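One-letter residues, chain by chain:
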Amino acid sequence: MDRITAAQVFVAIAERGSMVAASEALDMSRAMVTRYLAEMEQWAGARLLHRTTRRLSLTDAGEATLARCRQMLEVAGAMAVASPGEIDTPHGLLRITCSQSLAQTALAGAVTAYLQRYPRAAVDLQMENRAVNLVEQRIDLALRITNALEPNLIARQLASCASVVCAAPSYLAAHGTPRRAQDLALHNCLTYTYFGKSLWQFTHDGEALTVPVSGRLSANESLVLLVATVAGAGIAMQPRYSAAPLIASGQLVELLPAYVPQDMGIYGIYTSRQHMSPLLRTMLDFLVDWFAGDADWLAAIAAAPSSGRPVGRKRHASAGVKVP
């Protein structure tokens, strides 16, 4: 980890008397403050703080480390690490993780356009369907589709993700077509491990509706469920961006148009706003604009006329989300 940042964190804890106060002063998540403190103690080879339920105090090793950290920060502050133009220009490697379906449908095109705009930037795109530890895996930005962000995350909403309930004509011919959302309880529903595994949420006539579902196949990758749906394995709730081309071609049938599945947010998650690199900052800004205006993405999420959802989407205001 970055020892300069670790030194800043340790000095902030010592000067403010708590990790919560340091987190607020540095605009950094509590989890990251805790991690930097642990790394600093590992580097020092000693416990640096006495921790009680009421207050923190420095050990003898902590006093000595605090003095060294202040010297380190003074030296670092006096160094000109780059010219102003170099600082403001996105350059270097950005490590991004997201689900395979979002990467194939959206992020590959968005990253390509970003790299064309910023020729000194590079991106390492890693496919992960689970929440990852950004620090341990050296990830700069994680894209996640969710409505349940953990309270200690720092995130920015990039867009929204609509869903659609669908099935193959072969499944419907063999098992019938559900007419109400409640009918899904009688069908084999293909469920996603990380979202809606047993409950699907809808809005119907302005009212929220939660429907229990079950089935014989679940997976942690929505594209696997999409392939199984086309093969006639059951009924699935899929991101509209994945299912729309198959619905248009007739390989899948959109079901329950009067019942609108709950939208989810597409979030960019990162470790800290403190000293955010131009690479990360410009990527976040770029993705907000790209999701709002790219023709291919807007076409992918456009609803079929029968769904009652307006074609296209409004531009969503992006906002940072930080809950200490």
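Residues numbered from 1 in each chain as written. Predicted model: local features only at pLDDT ≥ 70, side-chain atom pairs only at ≥ 80, totals over all residues. Heavy atoms only, no water.

An unreviewed UniProt entry annotates the protein chain as LysR family transcriptional regulator of Janthinobacterium svalbardensis. The record in UniProt for the protein chain states the following under Sequence similarities (unreviewed entry): "Belongs to the LysR transcriptional regulatory family." (UniProt positions renumbered as here; feature names shortened; annotations may be inferred.)

Peer 1: Lay out the side chain of Ser 242 with the relevant residues and their values.
Peer 2: Along the chain, the position of Ser 242 falls in helix H9 (residues 240-249). A relative accessible area of 8% means that Ser 242 is categorised as buried. Setting aside residues no more than four positions away along its own chain, Ser 242 makes contact with Ser 101, Thr 105, Leu 223 and Leu 226. (Helix = DSSP H or I, 4+ residues; strand = E, 2+ residues; numbered from the N terminus. Buried < 20%, exposed > 50% of the residue type's maximum accessible area, 1.4 Å probe, protein only. Contact = heavy atoms within 4.5 Å.)

Peer 1: Describe the nonpolar core, with residues and values.
Peer 2: In terms of nonpolar packing, the biggest core is built from 32 residues, with Leu 141, Leu 143, Leu 287, Phe 291 and Trp 297 touching the most fellow members. Among the secondary structure elements, those contributing two or more residues to this core are strand S3 (92-98), helix H6 (100-117), strand S5 (141-146), strand S6 (154-161), strand S15 (264-270), helix H10 (278-293) and helix H11 (295-301). Per-element accounting of this core gives the leading share, 9 residues, to H10. Not counting chain neighbours up to four residues away, the residues in contact with Leu 143 comprise Ile 96, Thr 97, Cys 98, Leu 102, Leu 107, Leu 158, Tyr 267 and Leu 287. Within the second largest apolar cluster, 21 residues are counted, among which are Met 19, Leu 26, Leu 37 and Leu 49. (Core = buried A, V, L, I, M, F, W, Y, C linked by side-chain atoms within 4.5 Å.)

Peer 1: Please give an account of the pairing of S3 that cites residues and values.
Peer 2: Taken across its 7 residues, S3 has 5 buried, putting it largely inside the fold. Relative to strand S4 (residues 121-127), S3 is paired through 7 bridges, and the arrangement is parallel. When the sheet's bridge partners are listed, Thr 97 is paired in S4 with Gln 126. Considered for its hand, the β-α-β crossover made up of S3, H6 and S4 is right-handed. With 2 bridges connecting them, S3 and S5 associate as parallel partners. Its bridge partner lying in S5, Thr 97 is registered against Ala 142. (Pairing = 2+ DSSP bridges. Right-handed = clockwise from strand over helix to strand, strands pointing away.)

Peer 1: A description of the environment of Arg 156 should follow, citing residues and the corresponding values.
Peer 2: One can find Arg 156 in strand S6. Here Arg 156 falls in the buried class, since its relative accessible area comes to 19%. For the pair Arg 156 and Val 288, spaced 132 residues apart in sequence, the C-alpha to C-alpha distance is 9.2 Å. Among the polar contacts listed, one links the side chain of Arg 156 to the side chain of Asp 285, at a separation of 2.7 Å. (Polar contact = N/O pair within 3.5 Å; in protein donor to acceptor, adjacent residues only side chain to side chain.)

Peer 1: Just give me the short version of the pattern of salt bridges, but keep the residues and values in it.
Peer 2: Using the criterion set out here, one finds 6 salt bridges in the structure. Ionic pairing is found between Arg 156 and Asp 285, a salt bridge with its closest N-O pair at 2.7 Å. Residue Arg 156 is found in strand S6, and its partner Asp 285 is found in helix H10; the two are separated by 129 residues along the sequence. Assessed through its relative accessible area of 30%, Asp 285 is described here as partly exposed. (Salt bridge = Lys/Arg side-chain N within 4 Å of Asp/Glu carboxyl O.)

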